[in-house]
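# Descriptive structure summary
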Number of protein chains: 2
Amino acid sequence: MTLTDTRVDDSYPTRITGKPEHLPRTHPTVWGNEADGPLDAATLANHDTRGYTVVDQLLSPGEIQAYWQELVRMSSQDHRDDERVITESRTGEVRSIFDVHETSELIAELVRDPRVLDRARQILGSEVYIHQSRVNYMPGFKGTGFYWHSDFETWHAEDGMPAPRAVSCSIALTDNYPFNGGLMVMPGSQRTFVQCAGETPEGNYKSSLKEQRVGVPHEDDITKLAAECGIDQFTGQAGSALWFDSNVMHGSSNNITPYPRSNIFIVFNSVENALREPFAAIERRPTFIAGRDSSPLAR
Amino acid sequence: MTLTDTRVDDSYPTRITGKPEHLPRTHPTVWGNEADGPLDAATLANHDTRGYTVVDQLLSPGEIQAYWQELVRMSSQDHRDDERVITESRTGEVRSIFDVHETSELIAELVRDPRVLDRARQILGSEVYIHQSRVNYMPGFKGTGFYWHSDFETWHAEDGMPAPRAVSCSIALTDNYPFNGGLMVMPGSQRTFVQCAGETPEGNYKSSLKEQRVGVPHEDDITKLAAECGIDQFTGQAGSALWFDSNVMHGSSNNITPYPRSNIFIVFNSVENALREPFAAIERRPTFIAGRDSSPLAR
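All figures in this text were calculated on a predicted structure; none of them were measured in a lab. (Residues numbered from 1 in each chain as written. Chains lettered and ligands numbered in written order. Predicted model: local features only at pLDDT ≥ 70, side-chain atom pairs only at ≥ 80, totals over all residues. Heavy atoms only, no water.)

### A closer look at the overall build of chain A
Keep this limit in mind: Helical segments are the DSSP runs of H or I of at least four residues, strand segments are the runs of E of at least two, and each set is numbered from the N terminus. The size measure is the radius of gyration over C-alpha atoms, and the globule rule it meets is 2.2 Å times the number of residues to the 0.38 power. Buried, partly exposed and exposed residues are distinguished by accessible area as a fraction of the type maximum, computed with a 1.4 Å probe on protein chains only: under 20%, between the cut-offs, and over 50%, respectively.
Along the backbone of chain A there are eight helices and 12 strands. Computed over C-alpha atoms, the radius of gyration of chain A comes to 18 Å, within 12% of the 19 Å expected from 2.2 N^0.38 for 299 residues, which places it in the range of a compact globule. With the C-alpha coordinates aligned to their principal axes, the bounding extent of chain A is approximately 65 × 50 × 40 Å. Counting across all 299 residues of chain A, residues that qualify as buried make up 57%.

### Some words on the interface of chain B and chain A
Threshold: Contact definition: two residues touch when any of their heavy atoms are within 4.5 Å. By definition, the buried area sums, over both parts, the 1.4 Å-probe accessible area that each loses when the two are put together. Salt-bridge detection follows one rule: a side-chain nitrogen of Lys or Arg within 4 Å of a carboxyl oxygen of Asp or Glu. Polar contacts, as used here, are pairs of N or O atoms within 3.5 Å; protein pairs need one atom able to donate a hydrogen and one able to accept it. Residues neighboring in sequence count only if both atoms are side-chain atoms. Gly falls in the polar group here, along with every residue not listed as nonpolar (Ala, Val, Leu, Ile, Met, Phe, Trp, Tyr, Cys, Pro) or charged (Asp, Glu, Lys, Arg).
With 23 residues of chain B at the interface, the matching set in chain A holds 23 residues. Interface area for chain B against chain A, summed over the two sides, is near 2000 Å², with a carbon-plus-sulfur share of 64%. The interface formed by chain B and chain A holds zero salt bridges in total. Taken together, chain B and chain A are joined by three residue pairs in polar contact (both at pLDDT 80 or more). Looking at side-chain class alone, the side of chain B that touches chain A contains 13 nonpolar, eight polar and two charged residues.

### Remarks on unusual backbone geometry
The phi torsion of most residues other than glycine is negative, and most of the peptide bonds are trans. Residue and element names in this part refer to chain A. Even without a glycine there, the phi angle at Gln-57 is positive, about 50 degrees. One non-glycine residue, Asp-99, adopts positive backbone phi at about 65 degrees. With respect to the helices, strands and loops of the structure, Asp-99 is situated in the loop between strand 4 (94–98) and helix 3 (100–103).

### Topic: the sheet that holds strand 2 (residues 52–55) of chain B
Residue and element names in this part refer to chain B. Cut-off, in case you're wondering: Should DSSP find at least two bridges between two strands, the strands are regarded as paired. Each axis is a line fitted through C-alpha atoms, and for a helix only the stretch in contact is used; angles between axes span 0 to 180 degrees, taken between their N-to-C directions.
What the seven strands build is an open sheet, ordered 2-10-6-12-5-4-3; its pairing is antiparallel. Every interior strand has two partners, whereas the edge strands, strand 2 and strand 3 (85–87), have only one. Strand-to-strand, the axes of this sheet are offset by a mean angle of 15 degrees, without reference to chain direction. Pairing of strand 5 (residues 128–138) with strand 12 (residues 261–270), which is carried by 10 bridges, proceeds in the antiparallel orientation. Paired with Ser-133 across the strands is Ile-266, a residue of strand 12. Against the sheet, helix 1 (residues 41–50) makes contact with strand 2, strand 6 (166–172) and strand 10 (241–245), and its axis sits at roughly 135 degrees relative to strand 2, the strand it touches most. Helix 4 (residues 105–112) rests against strand 5, strand 6 and strand 12 of the sheet, and its axis sits at about 50 degrees to strand 12.

### Points about the sheet that holds strand 11 (residues 250–251) of chain A
All names here are of chain A. A sheet is described by the order of its strands in space; here three strands give the open sequence 9-7-11, paired in antiparallel fashion. Unpaired on one side and paired on the other, strand 9 (232–233) and strand 11 mark the two borders of the sheet. Where strand 7 (residues 184–185) meets strand 11, two bridges bridge the pair, whose relative direction is antiparallel. Its bridge partner being in strand 11, Val-185 is matched across the sheet by His-250.

### Points about the relation of the copies chain B and chain A
So the rule is basically this: The least-squares superposition of copies is restricted to C-alpha atoms, and to residues with a pLDDT of at least 70 in both copies.
When chain B is brought onto chain A, the operation consists of a screw motion whose angular component is 180 degrees and whose axial shift is 0.0 Å, with 0.0 Å RMSD remaining. The symmetry that links the two subunits is that of a two-fold axis.

This is the structure we're talking about:
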């Protein structure tokens, strides 16, 4: 019997059994240029270097209000047995709702809004589609953060995303202070792929959406990367947006303040980077977490 | 039989069974004036209003280094069965060591240093003694924060401190960023005594030093106070000191960054405010937590 190796070339091996290493990223961060959209050359160059871009006042005060009401409406619906609704382990409060560009008309419009869609197309240098969408509720007092991770590490391992040609847009619906659990980013870390140790357990996504146990970098790797890159924290008023590369190392602290931290989170993937089979997991994750319809998003 | 009520007058009733209320503070925040010490009139007025004062570069780089080595030395000693050493519930790592002005020569000198002692005397308007001293180790990655609380609420209830005529001095031995668990303070909150609900269980201090369960304000009270006062966060370089009133509402988030946050923490109490019996607990806490030798500290 002859076995044919049908595996595709994997530039980003992870969930390994040996000692994790820091691999150089072999793909660009910014794929388009100034002529392709609303971001100017300096902003694109900065995004290429630091792996993120902040856009102040992407939403108007009236829009913030409308989206906030939409979040309240969605979280107050009956969501028992709805896999797309993630609750806090300890309190049962709604933490995130996935697939909102499919279930909310308002958010379906938002992902096609030129302020959003054109920036995604420009950074990725192609037509794009939605890999994932969600709204995050980080309630005051009890909001738990997320430990350091690269999104791409998970999307590659568990969703079969070939290359880090995806970009996330996080739109704040509440003011982000330094002390209510705002996102921390290691600028420039997107240039390095940090391997993670350990095999992916079956059905891993069910617990990993609350707290990640696999796909977590080793403390030594985080220390090394922080020494190289430093740490920036995203603060800003409601309505501001943070665009960040799929492979940038990021995390957040818990939130003991009375101020909630809510946002809309949209992941755009290039249509030229459509998902394959998972690179380091037995089965695909559900499509509400990792969309597989890669037809171009149209206005 | 006639019962004589021997209880002293209690202006700050707490650990109550009914609904907690916000009581006005009946005592001053600043007891001395400009002529009494190194703080100028404007700084004292600001301390009176906001309940805290930051002193940059209280320690020189060389001193920071010496104290850091002292902390390393203390944490690496054999501390099994030493009640004064508090460890993290989850990891067993050293979180705090109490009574360090008695066990470390360096820290015994520090509490008598004019830069420290004269400010304490000035704010409290009298001779002072040490109510509590400790070093805090908040390791990177796994450091857990402290929920909102007033120190005086506990010192009054469990230690019998009559009035909020005490001031804390926290000296940073590591840089405090907005994102590595730095202290959050509600400026002006020292003017309000927030009652806490619930009786103090016996031996409460053993668990409360890791995570407080009694003496914790209700979320509604924190929300109300934050709306009135706002939240400030203490950031600053190693060597800077934060002086804060015993009744100011404060707390800290966890620390997932690789950067530890360590400090020396000294509580000065006025010799005119010596401890009595606990106002809302059955038994006194040990003297390593609440010193009962109120003889004036001398250089």
